[in-house]
Each structure stands twice: as C-alpha cells, then as structure tokens.
Amino acid sequence: MSDKINNKNEQSFDDELENQVQGEGGEVNFIQKYGKLIAIAAVAVVAIVAVAYYFTYTSNKNKEEAALALSRIRPYFDREEYARALFGGDSVPTVRGEKVLGLIQIVEEYSSTPSGRIAALLAGEAYLALDNISEARKYFEIAAKANSDEVAKGGYAGLAVCSEKNDNLSDAAKNYEKAAELAIDPTSKGRYLLFAGICYARMNEKDRAIEHLTMVAKNRDFAEFANAAIIELARLGTIIE
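All of these numbers come straight from a predicted model, not from anything done at the bench.

What counts as what
Per chain, the residues get numbers from 1 upward, laid out in the order the sequence is written. Two thresholds apply to this predicted model, a pLDDT of at least 70 for residue-level local features and 80 or more for giving and counting side-chain atom pairs, whereas whole-chain, interface and lining totals are computed over all residues. The side-chain values count all of the structure's non-hydrogen atoms but skip hydrogen atoms and water molecules. The numbering of helices and of strands both runs from the N terminus, where a helix is a DSSP run of H or I of at least 4 residues and a strand a run of E of at least 2. Burial here depends on accessible area, computed with a 1.4 Å probe over protein chains only, as a share of the maximum for the residue type. Under 20% is buried, over 50% is exposed, and the range in between is partly exposed. N or O atoms within 3.5 Å of each other form a polar contact, as long as, within protein, one can give a hydrogen and the other can take it, and as long as residues adjacent in sequence are counted only when both atoms are side-chain atoms. Here, a salt bridge means any Lys or Arg side-chain nitrogen found within 4 Å of an Asp or Glu carboxyl oxygen. Residue contacts are counted whenever heavy atoms from the two residues lie within 4.5 Å of one another. Paired rings are identified among Phe, Tyr and Trp, the last through its six-membered ring, by centres lying within 6.5 Å, and are further divided according to the angle between planes into stacked (under 30 degrees), edge-to-face (over 60) and tilted (the rest). Whether a charge lies above a ring is judged from NZ of Lys or CZ of Arg, which has to be within 6 Å of the ring centre and within 35 degrees of the ring normal. In these notes, a set of buried Ala, Val, Leu, Ile, Met, Phe, Trp, Tyr and Cys residues joined through side-chain atoms within 4.5 Å is what counts as a nonpolar core. Here the expected length of a helix is defined as 1.5 Å per residue gap, with one fewer gap than residues.

### Brief notes about the environment of glutamate 81
Now for step 1: Locating glutamate 81 in the fold gives a position in the loop between α2 (26–78) and α3 (82–87).
Now for step 2: Accessibility expressed as a relative area gives 22% for glutamate 81, which makes it partly exposed.
Now for step 3: Along the chain, glutamate 81 and alanine 126 lie 45 residues apart, while their C-alpha atoms are 8.7 Å from each other.
Now for step 4: Polar side-chain contacts of glutamate 81 include one of 3.0 Å to the side chain of arginine 79.

### Some points on the pattern of salt bridges
Now for step 1: Counted by the stated rule, this structure contains 12 salt bridges.
Now for step 2: Put simply, arginine 235 and glutamate 232 hold a salt bridge, and the shortest N to O gap is 2.8 Å. One end of the pair, arginine 235, and the other, glutamate 232, are both in helix α11 (residues 226–235), three residues apart, so they sit about a helical turn from each other.
Now for step 3: Where salt bridges share partners, they join Arg79, Glu81 and Arg84 into one cluster.

### Focus on the side chain of glutamate 232
Now for step 1: Judged by its relative accessible area of 15%, glutamate 232 falls in the buried class.
Now for step 2: With near-sequence residues (within four places) excluded, glutamate 232 lies in contact with Ile198 and Leu213.

### Let's talk about the packing of aromatic side chains
Now for step 1: On inspection of all chains with the given rule, the structure shows four aromatic pairs.
Now for step 2: Relative to tyrosine 82, the ring of phenylalanine 77 lies with its centre 5.6 Å away and its plane at 65 degrees, an arrangement referred to as edge-to-face. An identical accessibility class is assigned to phenylalanine 77 and tyrosine 82; each is buried.
Now for step 3: Plain terms: the ring middles of tyrosine 176 and tyrosine 192 are 6.3 Å apart, the flat faces sit at 20 degrees to each other, and that makes the pair stacked. Of this pair, tyrosine 176 sits in helix α8 (residues 169–182) while tyrosine 192 is found in helix α9 (residues 186–202), placing the two residues 16 residues apart along the sequence.
Now for step 4: Connected via pairs of aromatic rings, a cluster forms that spans Tyr176, Tyr192 and Phe195.
Now for step 5: Cation over ring: arginine 79 sits above tyrosine 76, and NZ or CZ is 4.8 Å from the ring centre.

### Notes on the nonpolar core
Now for step 1: Grouped together as the largest cluster of nonpolar side chains are 35 residues, with contacts concentrated most on Ile73, Phe77, Leu103, Ile106 and Phe140.
Now for step 2: Every element with two or more residues in this core is listed here: α2, α3, α4 (103–110), α5 (114–129), α6 (133–143) and α7 (149–165).
Now for step 3: Residues in contact with phenylalanine 140, not counting those within four places in the same chain, are Leu121, Gly124, Glu125, Leu128, Gly154, Gly155, Gly158, Leu159 and Cys162.
Now for step 4: Residues Tyr192, Leu194, Ile210 and Leu233 belong to the second largest nonpolar core, which totals 26 residues.

### A word on α5
Now for step 1: The terminal C-alpha atoms of α5, which comprises 16 residues, lie 23 Å apart, in line with the 22 Å expected from a rise of 1.5 Å per residue.
Now for step 2: Burial in α5 covers these residues: Ser115, Gly116, Ala119, Ala120, Leu121, Leu122, Ala123, Gly124, Ala126, Tyr127 and Leu128.
Now for step 3: Where α5 terminates, the next one or two residues include aspartate 131, which has phi positive at roughly 65 degrees.

### A short note on α7
Now for step 1: Compared with the 24 Å implied by 1.5 Å per residue over 17 residues, the 24 Å span of α7 between its first and last C-alpha is a close match.
Now for step 2: Considered for burial, the residues of α7 that qualify are Val151, Ala152, Lys153, Gly154, Gly155, Ala157, Gly158, Leu159, Ala160, Cys162 and Ser163.
Now for step 3: Here the buried face of α7 lies against α5, α6, α8 and α9.
Now for step 4: Of the residues one or two after α7, aspartate 167 is the one with positive phi, at around 60 degrees.

Geometric descriptors of this kind do not, in isolation, establish any biological role.
Take a look at the structure:
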C-alpha cells in the first residue's frame, strides 16, 4: 500500500514539473520555483561531506596524538614506575618542552582510540600492582570494550583478577571464560581456562570445574598447564589417564 502511495505522489510531482517546463517561460518558472530548493540541497550535500571529512580528520589526528602520548609514558610502566606512569605530568621530565601525559589523562582524552584503550589496560594493571582494586576495575572495564580482541582479553582477565581479590569467584570465573574465548594463542587460552576451572572448584561447582580442567589436561596445545589441571582434578576425585 505504501509503495502505491509513494508512486502516486512521485507521478504527481513529475507531472507538475513537466507542466512548469512546457508552459510559457517554463524554464524560468522552473528555476524560480525550484532553484532555491536545489541550492539548499547542494549546500546540504557540501555540509555533509565537510562534516564527514572533519570527523575523519579529527579521528585520525586523535589516534596519532594518543599513540604519541602512549609511547612517551610507556617506558615508565615497563620499568614498573606505576605512579609516574599513571599520572605523568610534573612527576616525569618533559619531552621537547611538552608535559608527558599519564595513562589516566590519555584514557580521559582518547578513550575512543586504540591507544586510549591500551592505556586503560595498562592503567588497570598499574593500579592492580598498587593494590588499588576499585580503580583497577574501572580501567579494566574500559579496556574490555576495546575493538581489539587482544586488549579486550586483557581487560576481562584483569576484571577476573579483581573479582578474585574481592572473593567474587563466580564473577572471576565468568571473566576468565570471556578472556579465554578471545584468546588466540594457546598459552593465554589454556591459562584462563585453568583459572576458570580453579574458581569453579573453589565454589564447589564440581561439574563445571571438571569440564574446564579436563579440557586443559587433555589438550596438547595447553600442555604447559596440564600438570596443574591434573592436580586440581585429582583433588576433585577425578583421575586423568
């Protein structure tokens, strides 16, 4: 029904245009009547293109700025100077006369960029090392929303550790599972499945614990964690041959 109405409206509009053009001074009348609308449409198109260009340019510029800021503060994190890495500014020397942004400020200004998400992951790890669990969780939550599976994996793993430290084993197990799902390398996947299994074992959820631990014990890709899984299974009364 809506298609018929649209077709009818379109036909009426076409007929009106044809009458305007064919009538005396039709071309002039047509321009007078519709010229303003055409001009407005043209301006609108230019505006849309300009806005798209602006946002693309701004996005790329933000990405470059975030990457540069992260590269300047990263060495302090790598040297385990966590407070300086978090806050930057007056706590670290300037670079080319410019203050160095800390991880916290990078997240605040560039959280929508890849480098901003990485900064959030590093900030979470820094706060975790400083035993500030509540702040660590806040930044791990930001990292877990990253488009990069690798960064998101780290975010979920960090959240799992925070939950373990708060004795929330159910939440810890779920976040370890999410980290395992995103993990591509066998080492990370095996580690997180093992940790999830141990959490379930500590909660006395025997079936789920055995499921995860058996997966680790029997998969050759997870051989690095097989012995730990076998020991946990034995504690649960399950022997892997």
